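An overview of the molecular structure
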Amino acid sequence: MVNIPKGTKDVLPSEVYLWHRLEETARKTAEQFAFQEIRTPVFEYTELFARGVGDTSDIVNKEMYTFLDKGGRSVTLRPEGTAGVARAFIGNGLAGGAMPFKAYYLISAFRYERPQAGRLREFHQFGAELYGASGAYADAEIISLADSFLKNLGLKEVKLQINSIGCKTCRKEYHKALKEFFAPHLNEMCEDCKSRFDKNPMRILDCKEEGCKKITANAPRILDYLCEDCRAHFGEVRGLLDAAHIAYEVNPSIVRGLDYYSRTVFEFVSAAAGAQGTVLGGGRYDGLLETMGEKAVPAVGFAAGMERLLMVMAAENAPVPQDKGVACYLAGLDGASRTQAFLLAAELRKEGISCEVDLMERSLKAQFKYADKIGARYVAVVGESELKDRAAEVKDMKNSASERVKFAELAAYLKEKEN
Ligand code: HAM
(Lines give C-alpha, C1' and ligand atoms only; values in the text may rest on other atoms or scores of the structure.)
Protein backbone atom coordinates (compact mmCIF):
# COMPACT_ATOMS: atom_id res chain seq x y z
CA MET A 1 0.00 0.00 0.00
CA VAL A 2 1.26 3.52 -0.77
CA ASN A 3 1.68 5.61 2.39
CA ILE A 4 0.18 9.04 3.01
CA PRO A 5 2.73 11.80 2.21
CA LYS A 6 4.75 12.99 5.20
CA GLY A 7 3.23 16.02 6.91
CA THR A 8 -0.31 15.45 5.60
CA LYS A 9 -3.38 14.07 7.35
CA ASP A 10 -6.65 12.36 6.47
CA VAL A 11 -9.79 13.69 8.12
CA LEU A 12 -11.94 10.64 8.79
CA PRO A 13 -15.76 10.62 8.82
CA SER A 14 -15.69 10.00 12.58
CA GLU A 15 -13.83 13.27 13.24
CA VAL A 16 -15.15 15.50 10.47
CA TYR A 17 -17.73 17.04 12.83
CA LEU A 18 -14.82 18.92 14.44
CA TRP A 19 -13.96 20.48 11.08
CA HIS A 20 -17.60 21.34 10.47
CA ARG A 21 -17.62 23.17 13.79
CA LEU A 22 -14.47 25.15 12.83
CA GLU A 23 -15.71 26.00 9.35
CA GLU A 24 -19.26 26.92 10.42
CA THR A 25 -17.97 29.11 13.25
CA ALA A 26 -15.54 30.80 10.85
CA ARG A 27 -18.25 31.50 8.27
CA LYS A 28 -20.79 32.73 10.82
CA THR A 29 -18.31 35.04 12.54
CA ALA A 30 -16.97 36.45 9.25
CA GLU A 31 -20.51 37.09 8.05
CA GLN A 32 -21.40 38.85 11.33
CA PHE A 33 -18.59 41.25 10.45
CA ALA A 34 -19.96 41.52 6.89
CA PHE A 35 -16.98 39.80 5.22
CA GLN A 36 -17.74 37.77 2.10
CA GLU A 37 -16.00 34.59 1.04
CA ILE A 38 -13.33 34.64 -1.67
CA ARG A 39 -11.92 31.55 -3.39
CA THR A 40 -8.63 31.70 -5.25
CA PRO A 41 -6.60 28.95 -6.98
CA VAL A 42 -4.56 26.41 -5.02
CA PHE A 43 -1.56 27.24 -7.20
CA GLU A 44 -0.27 30.56 -8.51
CA TYR A 45 2.75 31.66 -10.53
CA THR A 46 5.79 31.37 -8.27
CA GLU A 47 6.65 35.02 -8.80
CA LEU A 48 3.54 36.08 -6.84
CA PHE A 49 4.82 34.55 -3.61
CA ALA A 50 8.48 35.43 -4.27
CA ARG A 51 7.48 39.09 -4.55
CA GLY A 52 4.51 39.10 -2.18
CA VAL A 53 5.53 36.93 0.77
CA GLY A 54 9.09 38.15 0.28
CA ASP A 55 12.46 36.70 -0.57
CA THR A 56 13.86 37.08 2.94
CA SER A 57 11.13 34.88 4.47
CA ASP A 58 11.76 31.21 5.30
CA ILE A 59 8.59 30.39 3.38
CA VAL A 60 9.97 31.63 0.08
CA ASN A 61 13.57 30.57 0.72
CA LYS A 62 13.00 27.04 1.91
CA GLU A 63 9.41 25.92 2.13
CA MET A 64 7.59 26.35 -1.15
CA TYR A 65 6.16 23.49 -3.21
CA THR A 66 7.37 24.81 -6.55
CA PHE A 67 7.41 22.97 -9.85
CA LEU A 68 7.39 23.54 -13.58
CA ASP A 69 4.09 22.73 -15.24
CA LYS A 70 3.94 21.02 -18.62
CA GLY A 71 4.15 24.41 -20.30
CA GLY A 72 7.44 25.11 -18.54
CA ARG A 73 5.98 27.79 -16.21
CA SER A 74 7.06 27.86 -12.59
CA VAL A 75 4.03 27.45 -10.35
CA THR A 76 3.76 27.09 -6.56
CA LEU A 77 1.14 25.55 -4.27
CA ARG A 78 0.00 28.47 -2.11
CA PRO A 79 1.93 28.63 1.18
CA GLU A 80 -0.67 31.10 2.54
CA GLY A 81 -3.73 33.03 1.40
CA THR A 82 -2.85 36.73 1.51
CA ALA A 83 -0.83 36.97 -1.72
CA GLY A 84 -3.54 35.19 -3.76
CA VAL A 85 -6.25 37.50 -2.42
CA ALA A 86 -4.06 40.51 -3.28
CA ARG A 87 -3.64 39.20 -6.84
CA ALA A 88 -7.40 38.61 -7.13
CA PHE A 89 -8.13 42.09 -5.72
CA ILE A 90 -6.02 43.72 -8.43
CA GLY A 91 -6.68 41.24 -11.26
CA ASN A 92 -10.47 41.56 -10.95
CA GLY A 93 -10.46 45.34 -10.68
CA LEU A 94 -11.82 45.24 -7.13
CA ALA A 95 -9.58 48.15 -6.17
CA GLY A 96 -11.99 50.33 -8.19
CA GLY A 97 -15.04 49.05 -6.25
CA ALA A 98 -16.59 49.91 -2.90
CA MET A 99 -14.11 50.33 -0.05
CA PRO A 100 -13.36 48.82 2.35
CA PHE A 101 -13.09 45.51 0.53
CA LYS A 102 -13.54 42.68 3.05
CA ALA A 103 -13.06 39.00 2.25
CA TYR A 104 -12.53 35.77 4.14
CA TYR A 105 -11.27 32.36 3.04
CA LEU A 106 -11.09 28.75 4.17
CA ILE A 107 -8.15 27.16 2.39
CA SER A 108 -5.55 24.44 2.41
CA ALA A 109 -1.96 25.72 2.29
CA PHE A 110 1.37 24.00 1.68
CA ARG A 111 4.79 24.50 3.23
CA TYR A 112 7.70 22.10 3.03
CA GLU A 113 8.50 22.25 6.76
CA ARG A 114 9.83 19.63 9.16
CA PRO A 115 6.57 18.08 10.43
CA GLN A 116 5.87 18.03 14.16
CA ALA A 117 2.89 18.56 16.48
CA GLY A 118 0.92 21.47 15.00
CA ARG A 119 3.23 21.78 11.98
CA LEU A 120 2.20 20.09 8.75
CA ARG A 121 3.10 20.27 5.09
CA GLU A 122 -0.53 20.54 4.08
CA PHE A 123 -2.51 22.54 6.62
CA HIS A 124 -5.68 24.61 6.64
CA GLN A 125 -6.36 28.26 7.35
CA PHE A 126 -9.31 30.49 8.02
CA GLY A 127 -8.19 33.96 6.99
CA ALA A 128 -9.66 37.43 6.53
CA GLU A 129 -8.36 40.47 4.64
CA LEU A 130 -9.54 44.09 4.69
CA TYR A 131 -8.42 46.58 2.02
CA GLY A 132 -8.73 50.32 1.71
CA ALA A 133 -8.62 51.59 5.31
CA SER A 134 -5.39 52.88 6.80
CA GLY A 135 -6.72 54.01 10.19
CA ALA A 136 -6.62 52.16 13.51
CA TYR A 137 -10.32 51.20 13.28
CA ALA A 138 -9.47 48.67 10.56
CA ASP A 139 -6.73 47.07 12.66
CA ALA A 140 -9.10 46.91 15.64
CA GLU A 141 -11.91 45.47 13.47
CA ILE A 142 -9.67 42.67 12.15
CA ILE A 143 -8.38 41.85 15.64
CA SER A 144 -11.94 41.91 16.93
CA LEU A 145 -13.03 39.47 14.18
CA ALA A 146 -10.19 37.11 15.13
CA ASP A 147 -11.02 37.45 18.81
CA SER A 148 -14.74 36.79 18.23
CA PHE A 149 -13.96 33.72 16.13
CA LEU A 150 -11.86 32.19 18.93
CA LYS A 151 -14.47 33.09 21.56
CA ASN A 152 -17.27 31.67 19.40
CA LEU A 153 -15.30 28.40 19.33
CA GLY A 154 -15.51 28.43 23.12
CA LEU A 155 -11.76 29.01 23.63
CA LYS A 156 -10.78 30.86 26.78
CA GLU A 157 -7.05 30.34 27.23
CA VAL A 158 -5.80 31.82 23.95
CA LYS A 159 -3.89 35.05 24.55
CA LEU A 160 -3.55 38.01 22.21
CA GLN A 161 -0.10 39.58 21.78
CA ILE A 162 0.41 42.71 19.70
CA ASN A 163 3.31 44.80 18.48
CA SER A 164 4.07 47.51 15.95
CA ILE A 165 6.94 47.01 13.54
CA GLY A 166 6.68 50.53 12.13
CA CYS A 167 6.88 51.72 8.56
CA LYS A 168 9.75 52.01 6.06
CA THR A 169 10.88 55.26 7.67
CA CYS A 170 11.21 54.07 11.25
CA ARG A 171 12.55 50.69 10.20
CA LYS A 172 15.53 52.32 8.47
CA GLU A 173 16.75 53.66 11.82
CA TYR A 174 15.86 50.44 13.57
CA HIS A 175 17.72 48.25 11.08
CA LYS A 176 20.78 50.44 11.59
CA ALA A 177 20.55 49.99 15.36
CA LEU A 178 20.03 46.23 15.01
CA LYS A 179 23.05 45.88 12.74
CA GLU A 180 25.22 47.79 15.18
CA PHE A 181 23.99 45.53 17.96
CA PHE A 182 24.39 42.22 16.07
CA ALA A 183 27.69 42.99 14.26
CA PRO A 184 29.98 41.92 17.15
CA HIS A 185 28.01 38.64 17.54
CA LEU A 186 27.87 37.69 13.87
CA ASN A 187 30.34 34.80 14.24
CA GLU A 188 28.23 33.16 16.96
CA MET A 189 25.04 33.23 14.89
CA CYS A 190 23.49 30.51 12.69
CA GLU A 191 24.03 30.60 8.91
CA ASP A 192 20.45 31.78 8.30
CA CYS A 193 20.89 34.74 10.63
CA LYS A 194 24.18 35.65 8.96
CA SER A 195 22.32 36.12 5.69
CA ARG A 196 19.38 37.81 7.49
CA PHE A 197 21.88 40.36 8.85
CA ASP A 198 22.28 41.90 5.42
CA LYS A 199 18.86 41.25 3.93
CA ASN A 200 16.46 41.85 6.83
CA PRO A 201 18.06 42.04 10.31
CA MET A 202 14.65 42.20 12.01
CA ARG A 203 14.07 38.59 10.97
CA ILE A 204 16.93 37.56 13.31
CA LEU A 205 14.54 38.32 16.20
CA ASP A 206 12.32 35.47 14.97
CA CYS A 207 15.14 32.85 14.93
CA LYS A 208 14.36 29.70 16.92
CA GLU A 209 18.05 28.63 17.34
CA GLU A 210 19.01 28.69 21.02
CA GLY A 211 22.34 30.47 20.35
CA CYS A 212 20.66 33.25 18.36
CA LYS A 213 17.78 33.54 20.85
CA LYS A 214 20.27 34.32 23.63
CA ILE A 215 21.85 37.09 21.60
CA THR A 216 18.52 38.63 20.56
CA ALA A 217 17.26 38.84 24.16
CA ASN A 218 18.97 42.21 24.67
CA ALA A 219 18.55 43.56 21.14
CA PRO A 220 17.11 47.06 20.61
CA ARG A 221 13.30 47.11 20.46
CA ILE A 222 11.34 48.42 17.53
CA LEU A 223 8.87 50.24 19.79
CA ASP A 224 11.69 52.62 20.79
CA TYR A 225 12.28 53.51 17.13
CA LEU A 226 8.73 54.17 15.90
CA CYS A 227 8.19 57.43 14.03
CA GLU A 228 5.54 59.79 15.34
CA ASP A 229 2.81 58.57 12.97
CA CYS A 230 3.43 54.89 13.70
CA ARG A 231 3.53 55.54 17.43
CA ALA A 232 0.19 57.40 17.23
CA HIS A 233 -1.35 54.62 15.11
CA PHE A 234 -0.26 51.95 17.60
CA GLY A 235 -1.64 54.05 20.48
CA GLU A 236 -5.01 54.32 18.70
CA VAL A 237 -5.18 50.58 18.04
CA ARG A 238 -4.45 49.88 21.70
CA GLY A 239 -7.05 52.43 22.76
CA LEU A 240 -9.73 50.76 20.63
CA LEU A 241 -8.87 47.30 21.96
CA ASP A 242 -9.06 48.66 25.52
CA ALA A 243 -12.42 50.26 24.80
CA ALA A 244 -13.72 46.98 23.33
CA HIS A 245 -12.41 45.04 26.35
CA ILE A 246 -10.22 42.84 24.18
CA ALA A 247 -7.37 41.81 26.46
CA TYR A 248 -3.83 41.87 25.00
CA GLU A 249 -0.21 42.03 25.92
CA VAL A 250 2.38 44.07 24.02
CA ASN A 251 5.13 41.70 22.92
CA PRO A 252 7.97 43.61 21.24
CA SER A 253 9.55 40.43 19.92
CA ILE A 254 6.70 39.67 17.49
CA VAL A 255 8.05 40.42 14.01
CA ARG A 256 6.10 37.77 11.99
CA GLY A 257 7.64 35.44 9.45
CA LEU A 258 6.46 37.13 6.25
CA ASP A 259 8.02 40.21 4.67
CA TYR A 260 4.89 42.21 3.88
CA TYR A 261 3.96 43.56 7.29
CA SER A 262 4.11 47.16 8.52
CA ARG A 263 2.83 48.78 11.71
CA THR A 264 0.43 46.52 13.69
CA VAL A 265 1.31 42.82 13.98
CA PHE A 266 -0.42 40.36 16.27
CA GLU A 267 -0.59 36.72 17.28
CA PHE A 268 -3.01 34.67 19.35
CA VAL A 269 -0.99 32.10 21.27
CA SER A 270 -1.74 29.02 23.34
CA ALA A 271 0.55 26.56 25.08
CA ALA A 272 -1.61 23.77 23.61
CA ALA A 273 -0.80 24.62 19.98
CA GLY A 274 2.42 22.64 19.63
CA ALA A 275 5.99 23.92 19.70
CA GLN A 276 5.12 27.11 17.82
CA GLY A 277 2.25 28.13 20.08
CA THR A 278 0.69 30.51 17.55
CA VAL A 279 -2.84 29.60 16.50
CA LEU A 280 -3.57 32.79 14.59
CA GLY A 281 -1.34 35.50 13.19
CA GLY A 282 -1.76 38.66 11.19
CA GLY A 283 -1.17 42.34 10.84
CA ARG A 284 -1.16 45.38 8.61
CA TYR A 285 0.51 45.19 5.21
CA ASP A 286 0.17 48.58 3.54
CA GLY A 287 3.16 47.96 1.24
CA LEU A 288 2.21 44.60 -0.30
CA LEU A 289 0.56 45.86 -3.47
CA GLU A 290 3.47 48.20 -4.17
CA THR A 291 5.91 45.28 -4.04
CA MET A 292 3.72 43.73 -6.76
CA GLY A 293 4.15 46.83 -8.91
CA GLU A 294 0.69 48.27 -8.14
CA LYS A 295 -0.57 51.46 -6.53
CA ALA A 296 -0.41 51.12 -2.73
CA VAL A 297 -3.67 50.24 -0.98
CA PRO A 298 -3.65 49.93 2.81
CA ALA A 299 -4.58 46.47 4.06
CA VAL A 300 -4.79 44.39 7.23
CA GLY A 301 -5.64 40.75 7.83
CA PHE A 302 -5.04 37.50 9.67
CA ALA A 303 -5.03 33.74 9.25
CA ALA A 304 -5.72 31.02 11.81
CA GLY A 305 -4.31 27.49 11.57
CA MET A 306 -7.15 24.98 11.77
CA GLU A 307 -5.04 21.99 12.90
CA ARG A 308 -3.58 24.03 15.76
CA LEU A 309 -7.06 25.22 16.71
CA LEU A 310 -8.20 21.60 16.94
CA MET A 311 -5.34 20.90 19.35
CA VAL A 312 -6.34 23.85 21.51
CA MET A 313 -10.04 22.92 21.40
CA ALA A 314 -9.14 19.41 22.63
CA ALA A 315 -6.84 20.74 25.37
CA GLU A 316 -9.47 23.22 26.57
CA ASN A 317 -12.31 20.69 26.30
CA ALA A 318 -14.27 23.14 24.16
CA PRO A 319 -17.78 21.78 23.61
CA VAL A 320 -18.36 20.54 20.05
CA PRO A 321 -21.80 19.38 18.98
CA GLN A 322 -21.71 16.09 17.06
CA ASP A 323 -23.10 16.09 13.52
CA LYS A 324 -26.70 14.85 13.47
CA GLY A 325 -26.71 11.10 12.85
CA VAL A 326 -29.14 9.01 10.84
CA ALA A 327 -32.72 9.73 11.90
CA CYS A 328 -34.20 6.41 10.76
CA TYR A 329 -32.93 3.04 9.68
CA LEU A 330 -35.41 1.07 7.55
CA ALA A 331 -35.18 -2.68 8.02
CA GLY A 332 -36.62 -5.26 5.64
CA LEU A 333 -36.99 -9.01 6.06
CA ASP A 334 -37.36 -10.42 2.57
CA GLY A 335 -37.37 -9.28 -1.03
CA ALA A 336 -40.79 -7.61 -0.97
CA SER A 337 -40.37 -5.85 2.39
CA ARG A 338 -36.82 -4.76 1.55
CA THR A 339 -38.10 -3.15 -1.64
CA GLN A 340 -40.85 -1.42 0.37
CA ALA A 341 -38.21 -0.16 2.84
CA PHE A 342 -36.13 1.07 -0.11
CA LEU A 343 -39.14 3.02 -1.47
CA LEU A 344 -40.06 4.39 1.96
CA ALA A 345 -36.50 5.70 2.33
CA ALA A 346 -36.91 7.65 -0.91
CA GLU A 347 -40.15 9.19 0.46
CA LEU A 348 -38.53 10.15 3.77
CA ARG A 349 -35.53 11.72 2.03
CA LYS A 350 -37.87 13.85 -0.09
CA GLU A 351 -39.17 15.20 3.24
CA GLY A 352 -35.61 16.04 4.31
CA ILE A 353 -35.21 13.12 6.72
CA SER A 354 -31.87 11.32 6.73
CA CYS A 355 -32.32 7.58 6.56
CA GLU A 356 -30.61 4.40 5.58
CA VAL A 357 -31.82 1.02 4.29
CA ASP A 358 -30.32 -2.45 4.43
CA LEU A 359 -27.92 -2.75 1.50
CA MET A 360 -26.22 -5.89 2.81
CA GLU A 361 -29.32 -8.13 2.87
CA ARG A 362 -28.63 -9.06 6.49
CA SER A 363 -30.84 -10.78 9.09
CA LEU A 364 -33.13 -8.56 11.20
CA LYS A 365 -30.88 -9.08 14.23
CA ALA A 366 -27.80 -8.04 12.29
CA GLN A 367 -29.68 -5.00 10.95
CA PHE A 368 -30.57 -3.87 14.48
CA LYS A 369 -26.94 -4.33 15.52
CA TYR A 370 -25.81 -2.18 12.60
CA ALA A 371 -28.47 0.49 13.26
CA ASP A 372 -27.24 0.68 16.84
CA LYS A 373 -23.63 1.01 15.68
CA ILE A 374 -24.37 3.95 13.36
CA GLY A 375 -26.45 5.63 16.07
CA ALA A 376 -29.77 5.55 14.19
CA ARG A 377 -32.41 7.29 16.30
CA TYR A 378 -35.30 5.08 15.09
CA VAL A 379 -35.54 1.75 13.32
CA ALA A 380 -38.63 1.19 11.16
CA VAL A 381 -39.19 -2.52 10.48
CA VAL A 382 -41.11 -3.63 7.42
CA GLY A 383 -42.13 -7.32 7.48
CA GLU A 384 -44.91 -9.41 6.06
CA SER A 385 -47.70 -8.18 8.39
CA GLU A 386 -46.48 -4.58 8.09
CA LEU A 387 -46.69 -4.83 4.32
CA LYS A 388 -50.29 -5.94 4.66
CA ASP A 389 -51.10 -3.11 7.12
CA ARG A 390 -49.21 -0.53 5.03
CA ALA A 391 -47.52 0.41 8.35
CA ALA A 392 -44.05 0.00 9.86
CA GLU A 393 -43.12 -1.08 13.38
CA VAL A 394 -41.03 1.92 14.57
CA LYS A 395 -38.66 1.35 17.45
CA ASP A 396 -37.20 4.22 19.46
CA MET A 397 -33.58 3.17 19.90
CA LYS A 398 -33.20 5.25 23.08
CA ASN A 399 -35.93 3.63 25.16
CA SER A 400 -36.82 0.55 23.06
CA ALA A 401 -40.51 1.59 22.94
CA SER A 402 -42.17 0.73 19.63
CA GLU A 403 -45.23 1.93 17.77
CA ARG A 404 -46.96 0.99 14.57
CA VAL A 405 -46.99 3.92 12.13
CA LYS A 406 -48.74 4.04 8.75
CA PHE A 407 -46.29 4.32 5.84
CA ALA A 408 -48.08 7.46 4.73
CA GLU A 409 -47.63 9.03 8.17
CA LEU A 410 -44.04 7.95 8.82
CA ALA A 411 -42.38 11.20 7.68
CA ALA A 412 -44.71 13.35 9.80
CA TYR A 413 -44.23 11.00 12.76
CA LEU A 414 -40.41 11.23 12.59
CA LYS A 415 -40.50 14.98 12.12
CA GLU A 416 -42.74 15.44 15.15
CA LYS A 417 -40.45 13.25 17.24
CA GLU A 418 -37.48 15.29 16.17
CA ASN A 419 -39.03 18.51 17.53
P1 HAM B 1 1.32 32.69 9.24
O2 HAM B 1 1.69 33.17 10.59
O3 HAM B 1 2.42 32.20 8.36
O4 HAM B 1 0.57 33.90 8.55
O5 HAM B 1 0.23 31.55 9.34
C6 HAM B 1 -0.98 31.77 10.05
C7 HAM B 1 -1.30 30.56 10.88
O8 HAM B 1 -1.31 29.38 10.06
C9 HAM B 1 -0.27 30.24 11.97
O10 HAM B 1 -0.52 31.01 13.12
C11 HAM B 1 -0.54 28.77 12.22
O12 HAM B 1 -1.64 28.60 13.10
C13 HAM B 1 -0.91 28.26 10.85
N14 HAM B 1 0.25 27.59 10.22
C15 HAM B 1 1.28 28.15 9.56
N16 HAM B 1 2.14 27.21 9.12
C17 HAM B 1 1.64 26.02 9.51
C18 HAM B 1 2.05 24.66 9.37
N19 HAM B 1 3.16 24.33 8.69
N20 HAM B 1 1.29 23.69 9.91
C21 HAM B 1 0.15 23.99 10.58
N22 HAM B 1 -0.30 25.26 10.74
C23 HAM B 1 0.43 26.26 10.22
C24 HAM B 1 0.02 33.85 7.31
O25 HAM B 1 -0.13 32.85 6.67
C26 HAM B 1 -0.49 35.19 6.84
N27 HAM B 1 -0.99 35.03 5.45
C28 HAM B 1 -1.57 35.72 7.74
C29 HAM B 1 -2.12 37.02 7.31
C30 HAM B 1 -3.28 37.23 6.62
N31 HAM B 1 -1.56 38.20 7.48
C32 HAM B 1 -2.32 39.14 6.93
N33 HAM B 1 -3.33 38.56 6.40
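One can find the structure itself at the top, above this paragraph.
Residues numbered from 1 in each chain as written. Predicted model: local features only at pLDDT ≥ 70, side-chain atom pairs only at ≥ 80, totals over all residues. Heavy atoms only, no water.

1. Concerning the packing of helix H1 (residues 16-32) against helix H5 (residues 136-152)
Stated precisely, the cut-off is as follows: Lines fitted to C-alpha atoms define the axes here, with helix axes fitted over just the stretch in contact, and angles between the N-to-C directions of these axes take values from 0 to 180 degrees. Each helix corresponds to a stretch of at least 4 residues labelled H or I by DSSP, and each strand to a stretch of at least 2 residues labelled E; elements are numbered beginning at the N terminus. When an angle is under 35 degrees it counts as roughly parallel; over 145 it counts as roughly antiparallel; between 65 and 115 it counts as roughly perpendicular; any other value is oblique. Handedness of a crossing is defined here by the sense of rotation of the near helix relative to the far one, left-handed for an anticlockwise turn of less than a right angle and right-handed for a clockwise turn. In what follows, residue pairs with any heavy atoms lying within 4.5 Å of each other are defined as contacts. Charged means Asp, Glu, Lys or Arg here, nonpolar means Ala, Val, Leu, Ile, Met, Phe, Trp, Tyr, Cys or Pro, and polar covers whatever is left, Gly included.
Relative orientation of the contacting elements H1 and H5 amounts to 140°, with a least axis distance of 9 Å. In terms of orientation, H1 and H5 fall into the oblique class. Read as a crossing pair, H1 and H5 show a hand that is right-handed. Where H1 approaches H5, its residues Arg 21, Leu 22, Thr 25, Ala 26, Thr 29, Ala 30 and Gln 32 are matched on the opposing element by Leu 145, Ser 148, Phe 149 and Asn 152. Considering only residue class, the contact of H1 with H5 consists of 5 nonpolar, 5 polar and 1 charged.

2. Here we look at the environment of Ser 74
Applied cut-off: Residues adjacent in sequence count toward polar contacts only when both atoms are side-chain atoms; beyond that, a polar contact is any pair of N or O atoms within 3.5 Å, and within protein one must be able to donate a hydrogen and the other to accept it.
Relative to the assigned elements, Ser 74 resides in strand S4 (residues 74-77). Leaving out residues up to four positions away in the same chain, Ser 74 has contacts with Tyr 45, Thr 46, Thr 66, Phe 67 and Leu 68. Of the polar contacts made by the side chain of Ser 74, one reaches the side chain of Thr 46; its length is 2.7 Å.

3. Focus: the site of the ligand
Basically, it comes down to this: One heavy atom within 4 Å of a molecule or strand makes the whole residue count as near it. Computed with a 1.4 Å probe, the accessible areas rest on the Shrake-Rupley method; for each residue, only the protein chains presented here act as cover.
Residues in close proximity to the ligand total 26 residues, the closest being Glu 80, Thr 82, Glu 113, Glu 129 and Tyr 261. Between the ligand and Tyr 260 there is a distance of 2.9 Å, counted from a nitrogen atom to a side-chain nitrogen or oxygen. At a separation of 3.2 Å, an oxygen atom of the ligand approaches a polar backbone atom of Gly 305. Starting from 660 Å² of accessible surface for the ligand in isolation, the protein chains cover 96%. Of all the elements, strand S10 (residues 278-284) adds the most residues to the shell around the ligand, at 5 residues. Counted by class, the shell around the ligand contains 11 nonpolar, 8 polar and 7 charged residues.

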